[in-house]
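A look at the structure
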Amino acid sequence: MQQIFNFVIRNKTFLLFSLLFSIALALTIQSHSYHRSKFINSANGLTGGVYGTMNSVDQYFNLKIKNDILAEENKRLREQLLNTNIATDSSFIDSTYSKGKYRITIADVYKNSYSLTNNYLTLNKGKNDSIKRDFGVMTSNGIIGIIDNTSKNYSTTLSILNSKSRINAKIKSTNHIGSLTWNGESPIYVQLEDVSQFAPVKVGDTIETGGESSIFPKGIGIGTITSFESDISGDTYTIQVKLFNDMTNIGAVYIVENLNRNEIRSLENNTNE
Amino acid sequence: MNNVTGLNIARFILLLLAQVVICNHIDFFGYINPYIYIIFIFLFPIKEERLMLLLVSFLLGMFVDLFSDSGGVHAAAAVSLAYARPVLLKSSFGMLYEHQSIKFTTTDIGSLITYITLGTVIHHLILFSLEIFNISNILLILKKTLFSSIFTILLSLLLIILFSRNRK
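These numbers come from a predicted model, not from an experiment.

1. Structural notes on the overall build of chain B
Within chain B, the secondary structure is distributed over seven helices and zero strands. Counted from the first residue to the last, chain B has its helices and strands arranged as α-α-α-α-α-α-α. Its C-alpha atoms give chain B a radius of gyration of 15 Å, within 12% of the compact-globule value 15 Å for 168 residues. Its C-alpha atoms give chain B principal-axis dimensions of about 45 × 30 × 30 Å. Per-residue burial for chain B yields a buried fraction of 40% across its 168 residues.

2. Examining the domain arrangement of chain A
Residue and element names in this part refer to chain A. By domain assignment, chain A separates into domain 1 (45-163 + 249-272) and domain 2 (167-243). Look at where the C-alpha atoms of domain 1 and domain 2 centre, and you get two points 21 Å apart. Listed as interface residues are 23 residues of domain 1 and, on the opposing side, 18 residues of domain 2. Those elements giving two or more residues to the side of domain 1 that touches domain 2 turn out to be helix 5 (92-99), strand 3 (136-138), strand 4 (143-150), strand 5 (155-162), strand 12 (252-258) and helix 6 (261-272). Of the residues contributing to the side of domain 1 that touches domain 2, the split by class is ten nonpolar, ten polar and three charged.

3. Structural notes on unusual backbone geometry
Positioned with a positive phi, D27(B) is a non-glycine residue whose angle comes to about 45°. Among the secondary structure elements, D27(B) is positioned in the loop between helix 1 (2-22) and helix 2 (39-43).

4. Some points on helix 1 of chain B
Since the α-helix packs 3.6 residues into each turn, any two residues three or four apart lie on the same face. If you check helix 1 of chain B, its first and last C-alpha atoms are 29 Å apart, about what 21 residues at 1.5 Å a residue would give, namely 30 Å. Residues of helix 1 of chain B that are buried sit in contact with helix 3 (45-58) of chain A together with helix 2 and helix 3 (50-68) of chain B.

5. Some thoughts on the sheet that holds strand 8 (residues 189-196) of chain A
All names here are of chain A. Spatially, six strands are ordered 6-7-8-11-10-9 in a closed barrel, and the strand pairing comes out antiparallel. Across this sheet, the average inter-strand angle for adjacent strands is 40°, counted without regard to direction. Pairing analysis gives four bridges linking strand 6 (residues 167-171) to strand 7 (residues 177-181), with the strands arranged antiparallel. Across the sheet, residue K170 finds its bridge partner in strand 7, namely I177.

6. A look at the interface of chain A and chain B
The partner chain B presents 29 residues to the 28 residues of chain A that form the contact. Of all the secondary structure elements, the ones that give two or more residues to the side of chain A that touches chain B are helix 2 (12-31) and helix 3 of chain A. Among the elements that line the side of chain A that touches chain B, the one with the most residues is helix 2 of chain A, at 13 residues. Taken together, the residues of the side of chain A that touches chain B sort by class into 14 nonpolar, twelve polar and two charged.

7. Regarding the environment of L16(A)
Assignment of secondary structure puts L16(A) in helix 2. When near neighbours in sequence (up to four residues on either side) are disregarded, L16(A) contacts L51(B) and L54(B).

8. What about the confidence of the model for chain B?
Overall, the predicted model of chain B reaches an average pLDDT of 86, with 93% of residues at or above 70. For this predicted complex, the interface confidence reaches an ipTM of 0.84, while the overall pTM sits at 0.75.

9. Some points on the packing of helix 2 of chain A against helix 4 (residues 73-93) of chain B
Two elements in contact, helix 2 of chain A and helix 4 of chain B, have axes separated by 8 Å at closest approach and are oriented at 160°. Of the possible angle classes, the one that applies to helix 2 of chain A and helix 4 of chain B is roughly antiparallel. Every pair of crossing elements has a handedness; the one defined by helix 2 of chain A and helix 4 of chain B is left-handed. Two secondary-structure elements touch here, helix 2 of chain A through F17(A), L20(A), F21(A), A24(A), L25(A) and T28(A) and helix 4 of chain B through V73(B), A75(B), A76(B), V79(B), S80(B) and Y83(B).

10. Considerations on the nonpolar core
By size, the foremost hydrophobic cluster in this structure holds 46 residues, and its most contacted members are I143(A), I144(A), I160(A), V253(A) and I255(A). For this core, the domains that each give at least three residues are domain 1 (45-163 + 249-272) and domain 2 (167-243) of chain A. Setting aside residues up to four positions removed in sequence, I160(A) forms contacts with I143(A), I144(A), G145(A), S165(A), I167(A), L180(A), W182(A) and V190(A). With 38 residues, the next largest nonpolar core counts Y35(B), V64(B), F67(B) and V79(B) among its residues.

11. As for the pairing of strand 5 of chain A
Within a regular beta strand, the side chains point alternately toward one face of the sheet and then the other, so they alternate between its two faces. Residue and element names in this part refer to chain A. By the criterion of burial, strand 5 is predominantly enclosed, with eight of the eight residues buried. Pairing of strand 2 (residues 118-123) with strand 5 involves five bridges; the strand directions are antiparallel. Its bridge partner being in strand 5, Y120 is matched across the sheet by L158. Counted along the chain from strand 4 to the antiparallel partner strand 5, the turn is four residues long.

12. Examining the confidence of the model for chain A
Residue and element names in this part refer to chain A. The share of residues in chain A with pLDDT of 70 or more is 90%, and the mean pLDDT across the chain is 82. Confidence drops under a pLDDT of 50 for residues 85-90, and excluding neighbours within four residues, the segment shows six contacts in the predicted structure. Contacts of residues 94-98 to residues separated by more than four positions or lying in other chains number seven contacts, the stretch itself having pLDDT below 50.

Each value, and the rule that gives it
Residues numbered from 1 in each chain as written. Chains lettered and ligands numbered in written order. Predicted model: local features only at pLDDT ≥ 70, side-chain atom pairs only at ≥ 80, totals over all residues. Helix = DSSP H or I, 4+ residues; strand = E, 2+ residues; numbered from the N terminus. Rg over C-alpha atoms; globule rule 2.2 N^0.38 Å. Buried ≥ 20, exposed ≤ 12 C-beta atoms within 10 Å, placed from the backbone. Domains from an automatic or database assignment. Contact = placed C-beta atoms within 7 Å. Nonpolar A, V, L, I, M, F, W, Y, C, P; charged D, E, K, R; others polar. Expected span 1.5 Å × (residues − 1). Pairing = 2+ DSSP bridges. Axes fitted to C-alpha atoms, helices over the stretch in contact; angles between N-to-C directions. pLDDT = per-residue confidence, 0-100. Parallel < 35°, antiparallel > 145°, perpendicular 65-115°, else oblique. Left-handed = near helix turned anticlockwise from the far one by under 90°. Core = buried A, V, L, I, M, F, W, Y, C linked by C-beta atoms within 7 Å.

See below:
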């Protein structure tokens, strides 16, 4: 017994180091699984408060750009309103109003990162605004990510610039689907993987969300094709997609809730069983 | 003694805030950020207990992780740096460290540069290895380590020199 105590006292520095390092390592490994640890994320009062203060100062520097974006969006919405072919346009705004399938909440981005391999955004809406995990996040230009963790007043969003993010997407002109991933290199480009070799892929075509996931509505823009190549196996294409959104400059976002999501989920679960 | 504790608490909070509010959002050339919070570990009093340094470093790293949603990568890197610190001190300051008489504010600049450079490279290498967590991206890890290290080293040296002159 004496010897054990002696050993512990002699190596106390190393033992403490090992303990702390293991805790940190465990948290790191946990953070690489899809839904992360509930403890270490920026959706809490402390970080939310700091980022909130920072945002209220920072906002003023971007007012002009934000105005331009809003004016642009207003113009587009007004055009849609005045055009008579609303019924044939499948963009998300129409489905919101005509069928009432989606509920939209406006939120401010308190923190945005794009230079890491796994990027998250912090938004200023949380459980009090009935925001839950797996709601979609987008701007007027296109998708941003998916809600990951929520606290009372804040939530974190798994950005599309995250190596864990996989979002169902398709080529606009056809119905060939693939999954949207990110290789961690440039915040301007994302990759669309597993697109069938039969798909007619052309540089400049638009990529939009597919209807397969119950998170995003169908037909929200993502980006345009800049280049593509066959996989090693030769069965599928990997497509480079240039994002519509400038992920380095995001102010206000929309959180989209699919009101039929639970119904779709339970139906799918029943079918799988 | 009390004065030193107060100074270190102030340094902890200021460096943490500077890191998460300013330095995490610089994104020079898209991905280069300085990680200046490690100045705290560099300048931690030498006479203090090593266990204390380990615990405080872990806490500091954890807070940075909390703000940047990065799991535990900063905590792991900061703890490693804190653990490696005596070796770094010995190799860069030599006899001064044996006598426990280093004053970072008055030490000669060459030794200080060696000390900061070694420490920063170790910290950043662990940080980016864990963050990217994929051995096939070794080139990306090395690239990020190299550029961020240069940025951090320059900024750390500037800050240390700037603030040590003021205190005299």
